[in-house]
Structures are given as structure tokens and as C-alpha cells.
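Okay, here's what each chain looks like letter by letter:
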Amino acid sequence: MITRLLVANRAEIASRVFRTCRALGIETVAVHSDADADLPYVAEAGYAVRLPGNAPGETYLDAEAILAAARKAGADAIHPGYGFLSENAAFARAVEAAGLIWVGPAPESIERMGSKVESKKLMDAAGVPVLRNLTVDTATEDDLPLLVKASAGGGGRGMRIVRTLADLPGEIEKASAEAESAFGDGTVFVETYVERGRHVEVQVVGSHVFGERDCSIQRRHQKVVEETPAPNLPDATRAALHEAARTAAEAIDYRGAGTVEFLYDDEADRFFFLEMNTRLQVEHPVTELVHDVDLVAAQIAVAEGRAIDEPNPGRGHAIEVRLYAEDPAADYQPQSGLLTAFEIEETDGIRVDSGFAAGKEVSTYYDAMLAKVIAYAPTREEAARKLAGTLSRARIHGLVTNRDLLVEILRDERFLTGQVSTDFLGGFETGLRPSSTTDHRVAAALALAERDRMSRTVQQGIPVAWRNVVSQPQRTEFEGEVVVEWFGGRDGYSVDGFTVVAAGPEAVTLEADGVRSTYAVSVVGSRVDVDGPRGHVSLTRVPRFVDPADAVASGSLLAPMPGAVIRVAVEQGEAVEAGQTVLVLEAMKMQHTVTAPHAGTVTQIDVQPGAQVAAGEVLAIVEEETSE
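Residues numbered from 1 in each chain as written. Predicted model: local features only at pLDDT ≥ 70, side-chain atom pairs only at ≥ 80, totals over all residues. Heavy atoms only, no water.

## Considerations on the environment of aspartate 439
- Tracing the backbone through its elements, the reader meets aspartate 439 in helix α14 (residues 438-454).
- Excluding residues that lie within four positions of it along the chain, aspartate 439 makes contacts with Phe498, Leu510, Tyr519 and Arg534.
- Here the side chain of aspartate 439 touches tyrosine 519 through a polar contact of 2.7 Å, side chain to side chain. (Helix = DSSP H or I, 4+ residues; strand = E, 2+ residues; numbered from the N terminus. Contact = heavy atoms within 4.5 Å. Polar contact = N/O pair within 3.5 Å; in protein donor to acceptor, adjacent residues only side chain to side chain.)

This is how it looks when you write it as C-alpha cells:
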């Protein structure tokens, strides 16, 4: 029996495993990098061991450091979570060789399914439908578009869509570099890309099937919305998917929790084996809610040699969304920094699996997921409505997130009718970055005025902007050329189009056309967050006077986020074309290309490969060509 378990992972999944351990009476051990030392999961564990450093390779991917931590803390079992070392057969063997219990499948199963190339051959032999592998030499125009995928990992890393054969060698090189960074293995393979396919996966524990999940809505080939049961799936196809997954598990004598992933061609009603994840999936909560099962407890039971209960057929519907610190309007660019507010209601039917809390720092070293928010209800429509409402009321300040995009998806007519596919977000324009509405702007301006009044050391009772003779309105300016004009006096505030019912530094109540609404306002530095009935808006106050030292030279290329420079593609003095790659950054295990904004000459390069840069830092200057 397990008495003390170490989770070789971080943030949300560590907290999730600890929750089950507490229910089972098992003591817990956390490991943490320096950047993660203050995250909630560290405090939740009974014991915590530091892994010096921050980069995955020197912390969560360092098998020897993990094993040393287990010995130091007296753990007798290791749970790998997902990602990092969770599908590393050598690590699983090392855990067992150290006399510890490995809470996962047999190392042989991990090995056989760990290579997507070899696993497809194995599944083909077992009679499970597969897509054939291609190479630079064998791919033809008829095979286009193509998909380059990492053999050793997932999560969208090391994955590229290729639409012309000429681009294939370069995309393979990029995918391989990204896979090497994320998984320590740069092996990639190529197959035909099904443009409007669906991602449907089946949860197994051993050869027991716990239903399927639809995970089709993705960005950058990484899942964003997951649900069970899969909508609009013919009963015969559902049964065939379950049987194919059972066949896959039996082919390798699988034990423990795993997921068999399929690409489902909706139009032709056919499916193909993609891969088997020999670990717990990020989206496992939807299965737990519908099938009334604790999959972590099932993993522990199998590791202890105990049998698990037979799956029940499942009741109701569950939908999960992944809340990311990222900017959908900037190609889902990861965000880092301080979460100044993080409040999500956990009402009946809502589950929140979170790795962060208000006041915690989101670093650049790891995945940008803040939390998973899951809704359970008797029907799909009820679950979607409940989840959208919960997200829209959440208070999330300090960083740009994909929250508004998630709400738009959940309320989109295509989603509500089950018309989901892997290209669902292609051309999806609403919800990317909400523009501030007039009421949010007015609330922000008046709350700032009240903060100014309350910060006075004398005469706080004098009305803000009071004048004996009123001439011009006061002006509050925000970034994006947003200006709010208002009057202040002994009778309170006056704003065109609104009646100001009440105003304070943290809340403003406005009335328009007989309808009254209250807005919560939070101010941190120059950032103003406003939460109201129509959602959340973040504004940045423009100072009345700008320090000339803060200005940057024309043509400056600024770091879009904190990260590490991994390649500089040009030299000082070199002529470049608009859109040409200048350098490549790596942040949150993804590569981001910084390109020339216009044709010109590189007059300055301020960084070298390996340099750590802050968001907004000048990387290089491209002086624009001038026509004679």
C-alpha cells in the first residue's frame, strides 16, 4: 500500500492528485522549481522539495533530481501527472528500480506507444484503422495538406501544418527543434492532414472503457474545449470507437489509465488511430463527472494491485474549457506576469481545477494554462449555459486571458448544435479581444477620480473637479485613444448618456434609459480592470505627461513577451525584406518568430542567442528604406 506519494509535476495536476491522496489518507510530496515555489500546490503538499533552477530540463525533466527528491522526502510512490516525464519509459523503469511504486502503466507499454510511428504500425497489425506515414521523398501534391507531428509528445508542440511541398523540409526542421525542447526528443513524422476532422478520444483503465470525449476545438493543435459524450456521433460509430480503443489496450496488455485518440472524419463517418497517451489526460474531469469515477484513485488502485469497479454507462453531460494566460488577438501569444485577481465561482455543477491564485506570478518557463473550468448538467445545452455564465462572471485581472473567447465559443450557435471540428476556430473573430464599451470606460474614469479624491491629504470633502464657473469637462485618457469626458461638482458627477447613481474608488453605479448597472473597478498601477454585467474590460490609463526617456527609436523590434533568444537570423548592417525573420524567441515551450516590420537595414542588434529578455525590451532596430 502507498503511504507517501510524490507528484513529479507542477501546478494544477499536482493539486488534482493531492486532492485524491488526501481522500485516500496518503501523504503527499511536491517538487518545485524556483519559479514555482510560491504556487498553491507547494503549500497543499505535506512535504515539498526544491528542484534548483527554472528550465524544464533542469527541474521537472531531470529524472535523477526527481528520484533524489523522493528519497529525501521518504516517498514510496511517484505519480507523473501529465507532460514532462509522464510518458518516459526510462523514468518509469528508474522509479521501479529505485524500489518505488510507479503510478502509471508498465514501462513496456509506454515504450510501445511512445513512438507515434511505431505505435501506428502496432495498431495497424491489430486491425485498428491508421493513416499512413509520409516523408519528404514520398509525399505528393495529392497528399496535401500535411501535418508534421512530434513522435514523443503532444499538446500541439512540435506540430506544423504544411500546405506546399516546398515548405515541408523547413517545417520539419522547426517542428523537430520545438519537440526537442519540449520533450527531449526531436523525432517527427508526417501524415495527411484531415482539414475538417474531429478529435475524438476514448478513456480506458486497462481494457475497461469509460466513454469517449470530443476534443475537437483546438488552437495551435492544442485542446481548448473538451466534452463527454461526443455530440452528433452515430451510436454505431461510438461503439466502434470504444471497441477499437479496447483492442488497442489489449494489444499491449495495458494497465492503468490511458487515452486512445482518434481522428474522426465526420463527412465520411470513419476514424483513424492517432496515438495512445499512456497517462492521465488534462481533460479527465469531464469523464469523472459523467461516469462518477475518480480516475486518479483508479490509477492508485491499479498501482497497488487492486481491481477497479466496472464502468457505469454515464449520465448527463460535462464540458471543460482550458483557461490560458494568452492573447487570442495576437495569435494566442502567451502572457506572463502577476495575477492580481483570480476568482471563479464553484457553484453546484461547476468544478475548477486550478494551478494559480490571486497574487501569484505566471512565469515564462511552462505552459500558460491557469485553470480548467468544468460544468456538469443533465444536458449539453444546460452545461454550456452554466459554464459560459460562470466564466463571464469570473474576476481575472493582471493578465490577458482567453476567457472571452471561451464564452463566445460556448454561446456560438455552431457549438450549441454540435458542429465542432478541429478547424472550428479558423476565422473565429468574435471574442478575441473585447473592446471597451462606453459604460466600462465611464466607470473606470469615475473610479479613478474617486481614488484621486481619497488620496488627498487635505480637503477630501471637496468635490472632484469642482469649479465656481464650469468651462470644460475633465478628460480621462486610456491607451487606444480612448477618452472619457465628465464633469464633477457639489451635486456629484455628470456624464453624457448616463445618470451617475453612485461612485466610489472600487464601484460605480450608472443608469441609462432607466436601466441601472453596477461595475466593480480595480486599479493596480496604470491598469484599470472593470467587471460589469456585460463582462470584463481592462484599460490602461495614459499619464498626462510622458517621460521622453521612455520613447524608443523608430523601427525598434520589441520582445512581445518574456523569453529566451534561441536564434538570431540576421547581422547588423544586413538588408531585410518586410516579414523576414530577424530572430526567434522561446517562451512557455513554444517558439515565436520576430520579423522585420518593413523593408530596410538592420542598424542595431541588442541580443545574442541564449539571452533572457523582458517583455517590451528592444531586440533590434530595422531602419526603414527611404525612397529617393
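Back to the text.
## What about the pairing of strand β28 (residues 515-524)?
- Note that strand β27 (residues 507-512) and β28 share six bridges and pair antiparallel. Note on β28: the bridge partner recorded for threonine 509 is threonine 518.
- The hairpin formed by β28 and strand β29 (residues 527-532) contains two residues between the paired strands, and glycine 525 there has a positive phi angle of roughly 65°. (Pairing = 2+ DSSP bridges.)

## Some words on unusual backbone geometry
- Note the cis peptide between leucine 144 and proline 145, where omega equals -10°.
- With respect to the helices, strands and loops of the structure, proline 145 is situated in the loop between α6 (116-126) and β6 (146-150).
- At the junction of threonine 228 and proline 229, the peptide bond is cis and its omega measures out at -5° in the coordinates.
- Inspection of the secondary structure assignment puts proline 229 in the loop between β11 (222-228) and α8 (235-251).
- Here the phi dihedral of phenylalanine 84 falls at roughly 50°; this positive angle occurs in a residue that is not glycine.
- Note that phenylalanine 84 resides in the loop between β4 (77-79) and α4 (89-97).
- Among the residues examined, phenylalanine 84 registers a relative accessible area of 18% and is labelled buried. (Buried < 20%, exposed > 50% of the residue type's maximum accessible area, 1.4 Å probe, protein only.)

## Side note on the packing of helix α5 (residues 107-114) against α6
- Look at α5 against α6: their axes get within 6 Å of each other, and the N-to-C directions meet at 95°. In terms of axis orientation, α5 runs roughly perpendicular to α6. Every residue of α6 that contacts α5 at Arg112, Met113 and Gly114 is listed here: Lys116, Ser119, Leu122 and Met123.
- Among the residues making up the contact of α5 with α6, the classes are represented as three nonpolar, two polar and two charged. (Axes fitted to C-alpha atoms, helices over the stretch in contact; angles between N-to-C directions. Parallel < 35°, antiparallel > 145°, perpendicular 65-115°, else oblique. Nonpolar A, V, L, I, M, F, W, Y, C, P; charged D, E, K, R; others polar.)

## Structural notes on empty space enclosed by the protein
- Under the criterion given, the structure shown has three cavities of 30 Å³ or more.
- Put simply, the largest cavity is a space of about 100 Å³.
- If you trace the largest cavity, you find 12 residues lining it, with Arg219, Gln222, Glu326, Pro334 and Met590 closest to the centre. (1 Å grid on protein atoms, 1.4 Å probe; cavity = no way out; pocket = protein on both sides within 12 Å on 5 of 7 lines; lining within 4 Å. Points joined across faces, edges and corners; volume = space filled by probe spheres on them.)

## Looking at the packing of α4 against α5
- Between α4 and α5, whose axes approach to 8 Å, the crossing angle comes to 175°. If you check the angle between α4 and α5, you find them roughly antiparallel. Along its contact with α4, which presents Ala89, Ala92, Arg93 and Glu96, the element α5 presents Pro107, Glu108, Ile110 and Glu111.
- Looking at the contact of α4 with α5 residue by residue, the class counts come to four nonpolar, no polar and four charged.

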